[in-house]
Structure formats: structure tokens, C-alpha cells
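Per-entry structural report
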Amino acid sequence: MSAATETPTAPPLESRAQPSIELTSVNTIRTLSMDGVQAANSGHPGTPMALAPVGYTLWQQFLRFDPQDPVWPNRDRFVLSIGHASMLLYSLLHLTEVRAVSKDYETLGEVAVSLDAIKAFRQLDSRCPGHPEYRWTSGVETTTGPLGQGVSTSVGMAIGRQWLASRYNRPGFEDLFDFNVYALCGDGCMMEGISSEAASLAGHLQLSNLCWIYDNNHITIEGHTALTFTEDVATRFIGYGWNVTRVGDANDIEMLARAFRTFHNTKDRPTLIIVDSHIGYGAPHKQDTSGAHGEPLGEDEVRLAKRNYGWPEDKKFYVPDSVYEHFRQGIGKRGKELRDAWFARIEEYRKQYPDLAKELYRMQHRQLPEGWDHDLPEFPTDAKGLATRESSAKVLNAAAKNIPWLIGGSADLGPSTKTRITQEGAGDFSAENYGGRNFHFGIREHAMGAILNGLSLVKVRPFGSGFFIFVDYMRGSMRLSALMEIPVIYVFTHDSIGVGEDGPTHQPIEQLAHMRSMPGLIMIRPADANEVVEAWKVILQLHHAPAVLVLTRQAVPTIDRRKYAPAAGLARGAYILADADGGSPEVILIGTGSEVALCLEAYEQLTKEGVRARVVSMPSWELFDDQDKEYRDSVLPPQVRARVSVEMASDFGWTKYTGTEGSRVCIETFGASAPLKQLMKKFGFNMGHLVAAAKDQIALHKPSEERSTS
Ligand SMILES: Cc1ncc(C[n+]2csc(CCOP(=O)(O)OP(=O)(O)O)c2C)c(N)n1
Ligand SMILES: [Mg+2]
């Protein structure tokens, strides 16, 4: 019995008499993917098998991408939002011979994805991990895997291109930035809420350089989409203001090409191409079933599928030489010509617009302009003080003045988060003004996070803001900023029960602990205006880490820095702000953010009573933990075990600094709705309580003989 008769559901296969080079290339992608998954005994073969013609057509015929220089700034971006179909991307990277790039953006001689790497798919240290990882495999434009993130990130990339074009394209250089952004997504991406947020904004902003390709295969893990997903996606996207087009058969390369041309010709809207495909295409027993989604086909099924393709059944990881050559003549040749022409133009641009060219160079290398910190303010001592969101607004604006590509906005909370760039001409980013520096993400926190990632990946310096409580809505995107090691700036205000009357729904409790548990993220919760200056200094100089700046809604005193230690200590994460005369304190009060002022009040009282106390301002655990032991021990001497941490939040994790015997003044509930003064009293954030806690600690940690005689 032939394989074809075993496959009643399979559409007719292509002619096997003399396969065209197109079909051979497509089948190479398919078989590499199947073999990679089979060798790993783990992975997702079905979708790469189905979408090989889509990947092939886009890369070979349309993508303006030079495999020799995969970081060329004006390259088209390809985002594999269905990260589980990673073998599709790895096959394309391998077959197009994309070069590896160093961390300093230098192209290396070796290929990014060797055949050996594909053979080691999903094995330790392979360039082909389970899901595509930015910074690990050159040519991977963004890390994907959590569904919905890739497409949403692609919106940020498309926005970034519009902004770059608006600022840097000049007469005679109208095409300096004109790249397109393509994202390949599936049913999962379409179901996730984040993609709706992002698509809605993309439609609103009329991002005509954005193309999503939706793999409409009707299959997810649990089975047919009839189980869960019967909405009319086309109508939904038309409603968002997208151009929607269909390709009825993923194997129809001509129709695919036509759809991509439609995208090119659409100048006023983003494009969605809905492609009907058959997951596990050509696998006689698994095609069109969820069984083809996330497990190896099995040796027998692999063989039968290969037979169906007219492929040598026993060959594994087989790449006909003609396929490499075919890609060299297609994407390779086209990409190199485009890239070389672009660099020739940029030489000319440098002569005509030297300042802009310099900006571009620095931005694209994640450097700051000279003199970026010249205008940063210094705040005078002020007992009444100001909210850290207010001081941050001043610092942000002083920095934005000298860093033209520092751009960002808020999820509809700009007037509260005070993140507006107010300088003349900064403008608002909109479909009518792609040069605006103030962004309005709408009430779409999760998409805002992904869009910030996309912006950062095209190398502008983005910030996004909101209430700290809504960090919960963004965590998925923030985790990817951290995983990708990209310097996105998150500004969160209303950082504690200090929001008062809004009550428990708006009072962050466990959010600080959440953020601190995320590897690679730098969080800073400054105590006063001058710590805010130092915090921005640290953040703006980060190259490879996202930052979270946590700010108050309510006023905090601007600390007298002649009396207490300079705010520059912030750069080390924690520093001794006030100390017992001559050092050697009996007790250490450790505070962050708005609670530091309270610690100082308690310190003054304790000192008055003859207690030797120290106050440590600890705006950033991450920065402090990065210091050497000597410094850490100088701030928190191991022998001083009487310690009190003071933070209006969950104490989760604080034992690291207080010890289990230490005292933690914290909040163990969700807060309450009341004026701040009442809340401070209710939750014990007052001087009297701190003084008592400090004394209790001293008593607890006194040597036992001393205790028994006293
Ligand atoms: C946010 C998120 N939730 C769940 C998963 C687990 N997951 C991986 S693939 C998948 C099914 C995706 O279906 P679809 O997008 O249609 O992909 P296909 O099976 O068609 O390739 C799920 C639920 C995930 N990767 N991300
Ligand atoms: Mg699907």
C-alpha cells in the first residue's frame, strides 16, 4: 500500500517526477525539522512541516535580510511568534547560512546554526534551544515561546521603524529606514489577550510596515479549535483596521507571494495574511491532528512522511547542495546587495548629516551621547520634599533633552506617572506624527511591555510607565526583557499603601518581591529626589539589563545630604546613610524608598536615647548583591545581628538581610482603603513602632549573660 493511499486527509502532493528546486528547498526545511525533533526525542515537528512553504517564500522571495550581516539596521525583521515551531527558524537560519555575530555586533566567520547544532536541537549549549532565544542564536530577532509575545513585540519593532524613519530619513535619504516586520503566529497567539491589545494599537497607528501571518490550522494542544476558538478572526482584524487577506493553501507558493505583494502595496494599514495549513503535512497518520503538534513523529512516521515528499527515506539531516546554492542566489544575493547599498548610502549620509549619523551609530551600539548627564538636577534639602514621581519627571526630562532616542510613554497613566517629555517639539507619537517621543499605549499594559521590547530590539531607548500594581499585567513581557537582556526602562509609580484611599486593589504588596525574584532585572526604589537622580544615572548606563524604577505618589522629604551620606551611594545598591558616632552600631535599620525617611526619624530618636543605630538605605537589592563581600559586610556587618527592615510591602525575601531572628516591619495583607496617615498607623509605619522594634532587636541579640544580669 502506498503512503498516499494511507493518507486520505492529505491534499494531493506535489509532482514527484522532477521536484523543482523550490519544492526541494521546502522539503529540506520539513525534513530537517522532523529529524531535529526526532533526534532530540522532543519538540514540535508538525507546524514547521506545514509552514515550510510560508517560511521559504517569505525568506527567499521577499525578506530584505543579509545572512552575511544579520544585524544590519535596516533589515526586515522576521519574528517566529509560534516559538514552539523553532525548528522552522533554525532550518531557515541554517539553509541561508546566516553568520554568527559577537556581543559587540561584529559578524563572525562561522555560521549561526550549523548542521551539528541542528543535530543537537534541544541539547545543552546547542545554538538550537527548545525555543528561539535572542542573543544566543544570531538571526533570532526576539525570544519567543510564550504565545502572543512575538506578535506583540513585532508591533514595537514596526513602531520603532516608523520613529527611526521619521527622525533619520532625510531628503535624498527617504529609504534609510524602510524595513518591514513580519510575524508568524498561530491559534495560540490569536487567542492570547496580549495580541489583541497589540493588534488594536497597530491598527490605530496604521502600521503599514507590519505583516502578521496567521497559521490557521485549527489545531492546538488539546485538539481541534472547535473546542475553544470559533470567533471570526478576519472580521476581528478588519475591525481593528487591518487589511486582511487569505491564502487557502499553505503549499501554494504563488498565492503566498501574491499575499506578500498585497502587503507591500498596502500603505495605510497593517496586514494580516490568514493561511490555511495542515499541521504535520505529509505525515500519513498524524497530519491534521494535535499529535503532530508537540511530540516527535516516531521513526516510522518520519520515514512515511519522507516517502510522501519523495525524499530519501533513510537519510537524516540531508541537505542537497543545490539548496544552499539556491538560497545564496535568492535571499543571499538580494540581501547582500541591499545591505551593501545601504552602507554605501550611510557613508554619504554621514557627510551630509554628520550629527544624525553620529546619533545613529551611538544608538545602534547602545551607547549614550556625549554629555548625556550634563543637565541632571541636584535637589536641595527639603523637609516637605516631593514625590519621587515628581523628581523623576524632572530627571527624565533633563536626560531626554540630551538623549534624543529616549522615547516612551504610559498605559494611559501619563498624568499620574509624570513620564511626559515636555520639551518643545517632543510631540506625541501617532499615525499622523511618527516622530513623536511621547507614546500613548492605551490601557494595554501587557502589550506595552512587549512593544517596549520591540522598540529596544531596534535599539531606541524605550521607557514605559504605569501604576506599580499593574506590573502583574505585564510580567510576561518583562520576563522576556530580562531573559533577552535588553535595556528596557519600566517606570512604576504609586508604589505602596501610600496610594491611600484607592485601597487594596491599587496597593502593591507582593510586587516588589515578584520583581526581585526575576533574574537579570535591576529594580531601584529610591528614597528621595537625589536618589532618583542617581537611579536614572545607573539605569541609563545599563546596556544589557532591563530596569524597574519604583516611585511614590506621595511626597517624601529631600534628605539633608550634608548631614547624611551622599545619594551617590545608590549606585552600590545599599549604603550607610546615617551611623552611630564612630561606627559599630548596636542595631541597623534597613529601609527602601519612602520608608527611609521614617528610618531616619527613628534613628534620631534612638540616638537621642543613647542607642547606637545605623540607617542603611537599600534602594536596590540587585545592585547591592553585585558588590564584593567586603563592601556588603561593611554596610551590614555580620556581627551586628540586631536588624530591622522597613518596607511597606510583603517581607518575602527580607530574611536574606535581617536574618531569621531579625525584625521585619512589613504588610502581610492586601492593605486597606483609607487616608495615608491612618494606614501608616494601622500597619505600624510610625516612628514609635520602629524605635520599639529596634530596641527589641537589641535585647534579643544581647549576649545571654548580659541579658540574664540586666
Ligand atoms: C502563553 C502560553 N501559554 C501556553 C503555552 C503552551 N503551548 C505551547 S504551543 C500551544 C498550542 C498552540 O497552538 P497553536 O498556536 O495553534 O500552534 P500549533 O499547534 O498550531 O502549532 C500551547 C498551549 C505557551 N507556549 N504560551
Ligand atoms: Mg494551531
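Relevant structure appears above.
Residues numbered from 1 in each chain as written. Chains lettered and ligands numbered in written order. Predicted model: local features only at pLDDT ≥ 70, side-chain atom pairs only at ≥ 80, totals over all residues. Heavy atoms only, no water.

1. Here we look at the packing of aromatic side chains
- Taken as a whole and judged by the stated rule, the model has 30 aromatic pairs.
- Arranged with centres 5.0 Å apart and planes meeting at 85°, the rings of phenylalanine 237 and tryptophan 242 form a pair that is edge-to-face. Residue phenylalanine 237 shares its accessibility class with tryptophan 242, and that shared class is buried.
- Note on tryptophan 621 and tyrosine 657: the rings are 5.0 Å apart at their centroids and 75° apart in plane angle, and the pair reads as edge-to-face. Of the two residues, tryptophan 621 is situated in helix α20 (residues 621-625) and tyrosine 657 in helix α22 (residues 655-658); the sequence distance between them amounts to 36 residues.
- Given a relative accessible area of 6%, tryptophan 621 falls into the buried group.
- On the basis of relative accessible area, tyrosine 657 is assigned to the buried category, the value being 4%.
- Among the aromatic residues, those joined into a cluster by ring pairs are Trp621, Phe624, Tyr631, Trp654 and Tyr657.
- The ring of tyrosine 631 carries the charged tip of arginine 572 above its face, separated from the ring centre by 3.8 Å. (Phe/Tyr/Trp six-rings, centres within 6.5 Å; stacked < 30°, edge-to-face > 60°. Buried < 20%, exposed > 50% of the residue type's maximum accessible area, 1.4 Å probe, protein only. Helix = DSSP H or I, 4+ residues; strand = E, 2+ residues; numbered from the N terminus. Lys NZ or Arg CZ within 6 Å of the ring centre and 35° of its normal.)

2. Quick notes on the sheet that holds strand β5 (residues 210-216)
- In spatial order, the strands read β1-β4-β5-β9-β8; together these five strands make up an open sheet with parallel pairing. The open sheet terminates on both sides in strands that have one partner only, identified here as β1 (77-80) and β8 (243-247). Averaged over all pairs of adjacent strands, the angle between their axes in this sheet comes to 20°, without regard to strand direction.
- Sheet topology places β1 next to strand β4 (residues 181-185); four bridges connect them, and they run parallel. When the bridges of β4 are listed, leucine 80 appears paired with leucine 184. (Pairing = 2+ DSSP bridges. Axes fitted to C-alpha atoms, helices over the stretch in contact; angles between N-to-C directions.)

3. Things to note about the site of ligand 1
- In the vicinity of ligand 1 there are 15 residues, among which Thr47, His84, Gly188, Asn217 and His293 approach most closely.
- The separation between an oxygen atom of ligand 1 and a polar side-chain atom of histidine 84 is 2.7 Å.
- Protein chains bury 75% of the 580 Å² of accessible surface belonging to ligand 1 in isolation.
- Counting only elements with at least two residues in the shell around ligand 1, the list comes to α6 (187-191) and β6 (219-220).
- Across the shell around ligand 1, the residue classes break down as five nonpolar, eight polar and two charged. (Near = heavy atom within 4 Å. Polar contact = N/O pair within 3.5 Å; in protein donor to acceptor, adjacent residues only side chain to side chain. Areas by Shrake-Rupley, 256 points an atom, 1.4 Å probe, with all protein chains shown as cover. Nonpolar A, V, L, I, M, F, W, Y, C, P; charged D, E, K, R; others polar.)

4. Re the sheet that holds strand β18 (residues 575-578)
- An order of β18-β20-β19-β21-β22 is seen for the five strands of this open sheet, with the pairing classed as mixed. Bordering the open sheet on either side are β18 and β22 (663-665), each of which pairs with just one other strand. Mean inter-strand twist for the sheet, computed between neighbouring axes without regard to direction, equals 25°.
- Looking at chain direction, strand β19 (residues 587-591) and strand β21 (residues 643-646) are connected through four bridges and run parallel. Along β21, the bridge assignment pairs glycine 591 with valine 646.
- Of the strands in this sheet, β19, β21 and β22 touch helix α24 (residues 687-701), which is tilted by about 150° from β21. (Contact = heavy atoms within 4.5 Å.)

5. Examining helix α11 (residues 321-352)
- Between its first and last C-alpha, α11 extends 45 Å over 32 residues, near the 46 Å set by a 1.5 Å rise per residue.
- Along α11, the largest kink reaches about 35° and is centred on glycine 332.
- Those residues of α11 lying buried are Val323, Tyr324, His326, Phe327, Gly330, Ile331, Gly332, Gly335, Trp342, Ile346 and Tyr349.
- In this structure, the buried residues of α11 make contact with α1 (21-40), α2 (46-62), α3 (86-95), α5 (149-168) and α12 (354-364). (Expected span 1.5 Å × (residues − 1). Bend = angle between axes of the 7 residues up to and from the residue.)

6. What to know about the coordination of the magnesium ion (ligand 2)
- For the magnesium ion (ligand 2), the full set of protein donor atoms is Asp187 (OD), Asn217 (OD1) and Ile219 (O), and the range of their distances to it is 2.1 Å.
- Here the donor residues of the magnesium ion (ligand 2) share one chain and are spaced in sequence as D-x29-N-x1-I. (Donors = N, O, S within 2.8 Å, 3.2 Å for Na, K, Ca; no water.)

7. With respect to the side chain of arginine 516
- Tracing the backbone shows arginine 516 in helix α17 (residues 511-516).
- The contacts of arginine 516, once residues within four sequence positions are left out, are Met523, Thr592, Trp621, Glu622, Glu647 and Trp654.

8. Some words on the packing of α1 against α11
- Two elements in contact, α1 and α11, have axes separated by 10 Å at closest approach and are oriented at 105°. Compared by their axis directions, α1 and α11 come out roughly perpendicular. Along the contact surface, α1 presents Ile21, Thr24, Ser25 and Thr28, while α11 presents Ser322, Val323, His326 and Phe327.
- Its residues assigned to classes, the contact of α1 with α11 shows three nonpolar, five polar and no charged. (Parallel < 35°, antiparallel > 145°, perpendicular 65-115°, else oblique.)

9. Observations regarding the nonpolar core
- Residues Tyr168, Trp212 and Tyr349 are the most contacted members of the largest nonpolar core, which totals 115 residues.
- Broken down by element, the residue count for this core peaks at nine residues, all from α5.
- Beyond its immediate sequence surroundings of up to four residues, tyrosine 349 is in contact with Tyr168, Arg170, Phe173, Leu176, Pro354, Leu356, Ala357 and Leu360.
- Core analysis: the next-biggest nonpolar cluster, separate from the first, contains 52 residues, Ala40, Ala112, Val319 and Val323 among them. (Core = buried A, V, L, I, M, F, W, Y, C linked by side-chain atoms within 4.5 Å.)

10. Things to note about the packing of helix α13 (residues 388-402) against helix α18 (residues 529-540)
- Interhelical geometry of α13 versus α18 gives an angle of 45° and a closest axis separation of 9 Å. Classified by the angle their axes make, α13 and α18 are oblique. Of the two elements, α13 crosses α18, and the hand of that crossing is right-handed. Between α13, through Thr388, Ser391, Ser392, Val395, Leu396 and Ala399, and α18, the contact on the second element is made entirely by Ala529, Val532, Val533, Trp536 and Leu540. (Left-handed = near helix turned anticlockwise from the far one by under 90°.)

11. Regarding the environment of phenylalanine 439
- Note on placement: phenylalanine 439 falls in strand β12 (residues 438-440).
- Measuring from C-alpha to C-alpha, the distance between phenylalanine 439 and threonine 419 comes to 9.9 Å, with 20 residues separating the pair along the chain.
- Discounting chain neighbours no more than four positions away, the residues touching phenylalanine 439 are Ile159, Trp163, Ile407, Gly408, Gly409, Ser410 and Phe429.

12. A look at α24
- If you check α24, its first and last C-alpha atoms are 21 Å apart, about what 15 residues at 1.5 Å a residue would give, namely 21 Å.
- All of the buried residues in α24 are Leu690, Val691, Ala693, Ala694, Gln697, Ile698 and His701. Mapping the buried residues of α24 onto a view down its axis gives an arc of 160°, with all of them on the same face.
- Buried residues along α24 sit against β19, α19 (595-608), β21 and β22. (Arc of directions from axis to C-beta.)

13. Re the pairing of strand β14 (residues 489-493)
- With respect to burial, β14 is a largely interior element, five of its five residues being buried.
- Burial of β14 is two-sided: the residues Ile489, Val491 and Thr493 facing one way and the residues Tyr490 and Phe492 facing the other way are all buried.
- Here strand β13 (residues 461-467) runs beside β14; their pairing, made up of five bridges, is parallel. By the bridge assignment for β14, glycine 466 is matched with phenylalanine 492.
- Taken together, β13, helix α16 (residues 475-484) and β14 constitute a β-α-β crossover, and its handedness is right-handed.
- Pairing of β14 with strand β16 (residues 547-550), which is carried by four bridges, proceeds in the parallel orientation. By the bridge assignment, isoleucine 489 is partnered in β16 with alanine 547. (Right-handed = clockwise from strand over helix to strand, strands pointing away.)

14. Some thoughts on the pattern of salt bridges
- Going through the model one piece at a time under the given rule, you end up with 36 salt bridges.
- In this structure, lysine 286 and glutamate 295 form a salt bridge, with 3.8 Å as the shortest nitrogen-oxygen distance.
- Residue lysine 286 is classed as buried on the basis of its relative accessible area of 16%.
- A salt bridge links lysine 418 to glutamate 390, with the shortest nitrogen-to-oxygen separation between them at 3.9 Å. Placement of lysine 418 in the loop between α14 (414-417) and β12 and of glutamate 390 in helix α13 is noted, with a sequence separation of 28 residues between them.
- On the basis of relative accessible area, lysine 418 is assigned to the partly exposed category, the value being 26%.
- By sharing partners, the salt bridges in this structure join Asp69, Lys336, Arg339 and Asp340 into a single network. (Salt bridge = Lys/Arg side-chain N within 4 Å of Asp/Glu carboxyl O.)

Remember that the coordinates give geometry; whether it matters functionally is a separate question.
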